[in-house]
Amino acid sequence: MAITYATFHPGCLTLSVVDREDPSRTDVAQVPVEAGGSSGTELVAILGREGWSRNLTLTASARERSCNGPVVAEQSVEAQVPVEGITETRLALRAEDLDGDGYVSARGERPGSDCDDDDANIHPAATELCDGIDNNCANGEADAPDALTYYADADGDGYAASNAQPRPACVPPSGFVTQLGDCNDADARIHPGQQESVCDGVDEDCDGVPDDDGFAVGTSCTTAQGCAGMRSCQSTSSAACVSQQQPSDWYVDEDGDGRAGAAVGPGCVAPVPGATTERTDCDESTRFASTGARDVCDRLDNDCDGQVDEDDPGCAAVTWRQDTVGVATGNWNAVAPYGQDRGWLAGDAGRVVHVSGTAFDAVTSCAGEWRSAWAASNGRVFLGASTGELATVRPDALASCERVGGPGSAPLNGMVGFEQGTTVRLFAVDSQGRVIRWEYVEGAPTQAAPQLVTQVASNLRAIHGLGPETLLAVGAETVGLTERPVAWRAPASGSTWTKENLGVPTSTGYLRAVRVLTPRLAYVAGDDGLLLERSGTTWTARSGPTPSGSGTPDYRALLAFGRTALYVVTSTSNDLHFFDGTAWNSVIVAAETLNALEGTGPGDVWGAGHDGALVRWRP
């Protein structure tokens, strides 16, 4: 028999033979096909078989490309094996491979796999390209090597859900994007890269952490009081550190008595170094009173029991001692006690006297107009003159007055010193605004010259502090043609002094006295009844004594040991006034007007003034 094929080349040609009288008798054989060509005829001989009938069904089948390819052409015919001789039979197979690419057209009754039989470059074995054509007849362009993978973006925010199904394509399908990661594909406000703009527990940027970015919700934090906590939403626009810890009240020792009583605020950790949660000082304005201290005769409630001097029944009977030291016409401008009823007086016309109990010994070698004085614990006195000169004398060498010129020639109106070992660091102020430092080393063969620390635009009258970093210098500055009170604060570091805002812009005249009790507490006093308290950084006017019938007095000197122990002398009376925290009272009426006050403590108070007047109170 002959098997012909046309317009295609069979990849695999088979012939099946079936006995029509017994279809179970079947035989299938592959028919060799010559290579090449789109048409041809293959001859096959079919012989009778023992046990078969002569009536057969012959079927020729052609497959595309190989015996595993699809059947693209098939024809059957009934034939009878002759008893003798040969009977010719013909089967004709037809399929279309018009472009000759070896793949049969996908059109027709028995389709092949060529989706475009007009283009030999398009067939299943072709390389897929992103060119708008399905080159390999499968999945359109989705399987092109340069195709991108797209995902459905339901909310149109540019991101698809993390579990979205991929869709490769050369051209972006409508509603599809290339980026995954949207944790809520139903809300366009939620997607990666979105700023967490609302504090609401929603993960708007899909990073797995709600309300991070500027809110930082859920992160560990520390509150302003030092308590450990976590940040949480306080409103839709804000988050804050919230702690379950309960802060404690903390206290520090400001007055230097070794006990803490000044509140520095609540906290879970110490707000400042040295703070403690145990309050052991009832009065942080003075180092002479604290919880549990021993009560002594000094007009203070030393043991904080609400009573004053109750442990010394004879305290109320202690009187002031009054003396006239020197000629009756000589004025004392400064007094400088240093303990054990010993001290110094300094004044006009070279008058310098060492006081020891009832003994008054004059220094005859210190000529000058002495305006200020300060004594070290060893009894050495330092003096400031009206000419800007400094001097020093020891109590055991009254005939030897060491003198040294200062950086200016204006009157040295006030001074204070600080001791460190054998060194005294002395600070003085003058009428031209100079702050002068003199470092004196006891026993040194030579002494350094006094140095200018700073010069401010003021007439300075007094200086005081607990150390160089807490100094306050006071006096007056000229505003227009008017003298107005002024105070200058030393820097904690550096060299620039700061003018304090006293809060009394209409006051006139001088501040003439200053006392620093703690780094946060100080008092100043001056002309026209001006008495100010500095608490922290705020100055507040306080009421001072007003002697009857004398108008508004000027305060000439001030001595303070705490908020409940202030002494003041005025220009209008000879009284020494004392403030006990509630009221002002006169504790002594001196024989003459007093110019200066000083004391080594509340139980050792000295005053000196006109015509040789000296008053002392020492239980």
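Scope of this entry: the structure provided in the associated data block.

Reading the values: the criteria
Residue indices begin from 1 for each chain and proceed along its sequence in written order. The predicted nature of this model means local features are confined to residues of pLDDT at least 70 and side-chain atom pairs, given and counted, to a pLDDT of 80 or more, with totals for whole chains, interfaces and linings taken over all residues. With hydrogens and water excluded, all non-hydrogen atoms of the structure serve as input to the side-chain values. In this text, helices come from DSSP runs of H or I with a minimum length of four residues, and strands from runs of E with a minimum of two, each type numbered from the N-terminal end. Each residue's exposure class comes from its accessible area (1.4 Å probe, protein chains only) as a fraction of the maximum for that residue type: buried when under 20%, exposed when over 50%, partly exposed otherwise. By definition, residues are in contact when any of their heavy atoms lie within 4.5 Å. Exposure was quantified through the Shrake-Rupley algorithm and a 1.4 Å probe, taking into account, for residues, occlusion by the shown protein chains and nothing else. Under the convention used here, Asp and Glu are negative, Lys and Arg are positive, and both His and the chain ends fall outside the count. Working definition for charges: the position is that of NZ of Lys, CZ of Arg, CG of Asp or CD of Glu. Strand pairing requires that DSSP identify at least two bridges connecting the strands. For helices, the fitted line uses only the C-alpha atoms of the stretch in contact; every axis is such a line through C-alpha atoms, and the angle between N-to-C directions lies from 0 to 180 degrees. Polar contacts, as used here, are pairs of N or O atoms within 3.5 Å; protein pairs need one atom able to donate a hydrogen and one able to accept it. Residues neighboring in sequence count only if both atoms are side-chain atoms. Only Phe, Tyr and Trp rings are paired, with Trp represented by its six-membered ring, and only when their centres lie within 6.5 Å; those with planes under 30 degrees apart are stacked, over 60 edge-to-face, the remainder tilted. Cysteine sulfur atoms are paired as a disulfide whenever they come within 2.5 Å of each other. What is meant by a nonpolar core is a set of buried Ala, Val, Leu, Ile, Met, Phe, Trp, Tyr and Cys residues, joined one to another through side-chain atoms within 4.5 Å.

Before going further, it helps to spend a moment on the overall build of the chain. Along the chain, the regular secondary structure elements total zero helices and 43 strands. The proportion of buried residues among the 619 residues of the chain is 46%. Look at the contacts in the chain between residues 6 or more apart in sequence, and 43% of them connect residues 24 or more apart. As displayed, the chain offers around 29200 Å² of accessible surface, 47% of which is attributable to carbon and sulfur atoms. For the chain, the distance from the average position of its 41 positive side-chain charges to the average position of its 87 negative side-chain charges is 13 Å.

Moving on, we get to the sheet that holds strand E39 (residues 575-579). Sheet architecture is open: four strands sit in the order E37-E38-E39-E40, paired in antiparallel fashion. Looking at which strands have only one partner, the edges of the open sheet turn out to be strand E37 (555-562) and strand E40 (584-589). Between one strand axis and the next, the sheet turns by 25° as a mean value, whatever way the strands run.

A few words on the sheet that holds strand E13 (residues 238-242). Ordered in space as E11-E12-E13, the three strands form an open sheet in which the pairing is antiparallel. The outermost strands of the open sheet, each flanked by one partner alone, are strand E11 (220-222) and E13. Adjacent strand axes in the sheet meet at a mean angle of 55° when their direction is disregarded. When E11 meets strand E12 (residues 228-235), the two strands line up antiparallel, connected through three bridges. Pairing of Ser220 across the sheet is with Met230, part of E12.

Now for the side chain of Thr392. Looking at the element boundaries, Thr392 is found in strand E23 (residues 390-393). Given a relative accessible area of 0%, Thr392 falls into the buried group. A distance of 3.1 Å separates a polar atom in the side chain of Thr392 from a polar atom in the side chain of Arg380. A polar side-chain atom of Thr392 sits 2.8 Å from the main-chain carbonyl oxygen of Val381. When neighbours within four sequence positions are excluded, Thr392 is seen to be in contact with Arg380, Val381, Phe382, Ser400, Cys401, Glu402, Trp438 and Tyr440.

Let's shift gears to the packing of aromatic side chains. We describe a pair of aromatic rings using the distance from one ring centre to the other and the angle between the two ring planes. Counted according to the given criterion, the structure contains twelve aromatic pairs. Geometrically, the ring pair formed by Phe382 and Trp438 is edge-to-face, given 5.9 Å between the ring centres and 90° between the ring planes. Of this pair, Phe382 sits in strand E22 (residues 381-385) while Trp438 sits in strand E27 (residues 434-441), placing them 56 residues apart in sequence. The burial state of Phe382 is the same as that of Trp438; both residues are buried. Linked through ring pairs, Phe288, Trp320, Phe561, Tyr567, Phe578 and Trp617 together constitute an aromatic cluster.

A separate point is the environment of Thr572. Inspection of the secondary structure puts Thr572 in the loop between strand E38 (565-570) and E39. Judged by its relative accessible area of 33%, Thr572 falls in the partly exposed class. Thr572 sits 132 residues away from Tyr440 along the chain, and the two C-alpha atoms are 39 Å apart.

Our next topic: the state of the cysteines. Formally, a disulfide is one covalent bond, and it connects the sulfur atom of one cysteine to the sulfur atom of another. Applying the stated criterion across every chain yields a total of ten disulfides. Between the sulfur of Cys115 and that of Cys137 lies a disulfide, 2.1 Å long from S to S. The disulfide joining Cys115 to Cys137 has a torsion of about -75° about its S-S bond and is therefore left-handed. With Cys115 in the loop between strand E7 (90-94) and strand E8 (148-152) and Cys137 in the loop between E7 and E8, this pair connects stretches of sequence that are 22 residues apart.

Buried together is how nonpolar side chains tend to be arranged in soluble globular proteins. Grouped together as the largest cluster of nonpolar side chains are 27 residues, with contacts concentrated most on Trp374, Phe382, Leu426, Ile463, Leu471 and Trp497. For this core, the secondary structure elements donating two or more residues are strand E25 (412-420), strand E26 (423-430), E27, strand E29 (459-464) and strand E31 (482-489). With five residues, E26 is the largest single contributor of residues to this core. Residues contacting Phe382, with those up to four places away along its chain left out, are Ser372, Ala373, Trp374, Ala391, Thr392, Met415, Val424, Leu426, Trp438 and Tyr440.

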